[in-house]
Amino acid sequence: FREFNIAKHALHNGAHGYILKDSKAEEVYAGIKTVNNGEQFICEKINSIFKNEMTTHFTWLTNTEIKILSLVAEGYTQRQVARIICRDVETVKSHLKNIRIKIVVKTTAQAVKVAYERGILRRS
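Just so it is clear, the model here is predicted, and its values are computed rather than measured.

A.B. asks: Summarise the pattern of salt bridges; cite the residues concerned and give the values.
C.D. replies: For the structure shown, the criterion picks out five salt bridges. The salt bridge involving D22 is made with R2; its shortest N-O contact spans 2.7 Å. Residue D22 is located in the loop between β1 (17–18) and α2 (25–36), and its partner R2 is located in the segment before α1 (4–12); the two are separated by 20 residues in the primary sequence. In this structure R2 comes out as partly exposed when scored by relative accessible area, which is 44%. Residue E65 pairs with K102 through a salt bridge whose shortest N-O separation is 2.8 Å. Of the two residues, E65 sits in helix α4 (residues 63–73) while K102 sits in helix α6 (residues 89–103), which places them 37 residues apart along the sequence. Each member of the pair, E65 as well as K102, is classed as buried. Each of R2, D22 and K45 takes part in a single network of salt bridges with overlapping partners.

A.B. asks: An account of the environment of A30 is needed here, citing residue identities and associated values.
C.D. replies: Checked against the element boundaries, A30 lands in helix α2. Looking at A30, the relative accessible area reads 31%, which means it is partly exposed. Between the alpha carbons of A30 and F41 there is a distance of 8.3 Å; along the sequence they are 11 residues apart.

A.B. asks: Give me the packing of α4 against helix α7 (residues 108–117): which residues, what numbers.
C.D. replies: In contact at an axis separation of 10 Å, α4 and α7 are set at 105 degrees when each is read in the N-to-C sense. Considered as vectors, α4 and α7 are oriented roughly perpendicular to each other. Contacts from L69, V72 and A73 in α4 reach T108, A111, V112, A115 and Y116 in α7. Residues belonging to the contact of α4 with α7 are distributed by class as follows: seven nonpolar, one polar and no charged.

A.B. asks: Go over the packing of α1 against α6 with me, naming the residues and quoting the values.
C.D. replies: Packing of α1 against α6 brings their axes to within 10 Å, and their N-to-C directions diverge by 170 degrees. Considered as vectors, α1 and α6 are oriented roughly antiparallel to each other. As α1 packs across α6, the resulting crossing turns out to be right-handed. Contacts between α1 and α6 involve K8, L11 and H12 on the former and, on the latter, K97, N98 and I101. A breakdown of the residues in the contact of α1 with α6 according to their chemical character gives two nonpolar, two polar and two charged.

Rules of the game
Residues numbered from 1 in each chain as written. Predicted model: local features only at pLDDT ≥ 70, side-chain atom pairs only at ≥ 80, totals over all residues. Heavy atoms only, no water. Salt bridge = Lys/Arg side-chain N within 4 Å of Asp/Glu carboxyl O. Helix = DSSP H or I, 4+ residues; strand = E, 2+ residues; numbered from the N terminus. Buried < 20%, exposed > 50% of the residue type's maximum accessible area, 1.4 Å probe, protein only. Axes fitted to C-alpha atoms, helices over the stretch in contact; angles between N-to-C directions. Parallel < 35°, antiparallel > 145°, perpendicular 65-115°, else oblique. Contact = heavy atoms within 4.5 Å. Nonpolar A, V, L, I, M, F, W, Y, C, P; charged D, E, K, R; others polar. Left-handed = near helix turned anticlockwise from the far one by under 90°.

Any link to function would need more than the numbers given here.
In structure tokens:
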């Protein structure tokens, strides 16, 4: 489906990729390869919809998500973050995945960059 809420819901609920049935073969191949490598893939058309939606909607991160992202931005590893916030590493990974979905990026480094750009995180 070419709808923001459906795609966001699918990714939020664990889909590793999202591609439309009218995508070109090259994009389908790239998506399969990306997901097979353990990364998230969003086709270009849906990615454009996400970017348009995100410019008109404020990204809501929970206090825990902001804390985790700020610790990652400071250079802490996922294991160190887990110890600091008294959670296990899988919980931290889950929060980071949710952050990437909400901010609509593929990597945690991109999430940190966007968080600074949007004022979610502030430089000290």
